[in-house]
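Report on the structure
Chain by chain, the residues:
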Amino acid sequence: MLPSKLNRTIHFGEIKGDYCFNPNAEIPYYHYSDVRWFALDVPRDRFEQDILY
């Protein structure tokens, strides 16, 4: 689960790969894993406030 920095939505994904480190990658992308995003731009108002916290 990742809150969007562009709008008031949430993205949901599943980590599909192992942790990777690439010292030649651009900042801040040194550390990463492959992700399969299965739900993008889900409005935050679909969740109760206690879930969001």
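Anything mentioned here points back to the structure above.
This write-up is about the structure you can find in this document. (Residues numbered from 1 in each chain as written. Predicted model: local features only at pLDDT ≥ 70, side-chain atom pairs only at ≥ 80, totals over all residues. Heavy atoms only, no water.)

**Details of the nonpolar core**
Membership of the largest hydrophobic core is limited to 5 residues, which are Ile10, Phe12, Ala39, Val42 and Leu52. When residues of this core are traced back to their parent elements, those giving at least two are β2 (9–15) and β5 (35–43). The contact partners of Ala39, leaving out residues within four places of it in the chain, are Ile10, His11 and Phe12. (Core = buried A, V, L, I, M, F, W, Y, C linked by side-chain atoms within 4.5 Å. Buried < 20%, exposed > 50% of the residue type's maximum accessible area, 1.4 Å probe, protein only. Helix = DSSP H or I, 4+ residues; strand = E, 2+ residues; numbered from the N terminus. Contact = heavy atoms within 4.5 Å.)

**What to know about the pattern of salt bridges**
Evaluated as defined, the whole model comprises 2 salt bridges. Ionic pairing is found between Glu14 and Lys16, a salt bridge with its closest N-O pair at 4.0 Å. Lys16 sits in the exposed class, given a relative accessible area of 54%. The class for Glu14 is partly exposed, based on a relative accessible area of 34%. A network of salt bridges, in which partner residues are shared, links Glu14, Lys16 and Arg36. (Salt bridge = Lys/Arg side-chain N within 4 Å of Asp/Glu carboxyl O.)

**Things to note about a nonpolar patch on the surface**
Together, Leu2, Ile15, Val35, Trp37 and Leu40 give the surface a local cluster of nonpolar side chains, amounting to about 490 Å² of exposed area. At 3 residues, the largest contribution of residues to the nonpolar patch is made by β5. (Patch = residues over 30% accessible without salt bridge, like charges linked within 9 Å, V, L, I, M, F, W, Y side chains within 5 Å. Areas by Shrake-Rupley, 256 points an atom, 1.4 Å probe, with all protein chains shown as cover.)

**A closer look at the sheet that holds strand β1 (residues 2–3)**
Spatial ordering of the open sheet is given by β1-β2-β5, a layout of 3 strands whose pairing is antiparallel. One side of each edge strand has no neighbouring strand; the edge strands of this open sheet are β1 and β5. As paired strands, β1 and β2 are joined by 2 bridges and run antiparallel to one another. Paired with Leu2 across the bridge in β2 is His11. (Pairing = 2+ DSSP bridges.)

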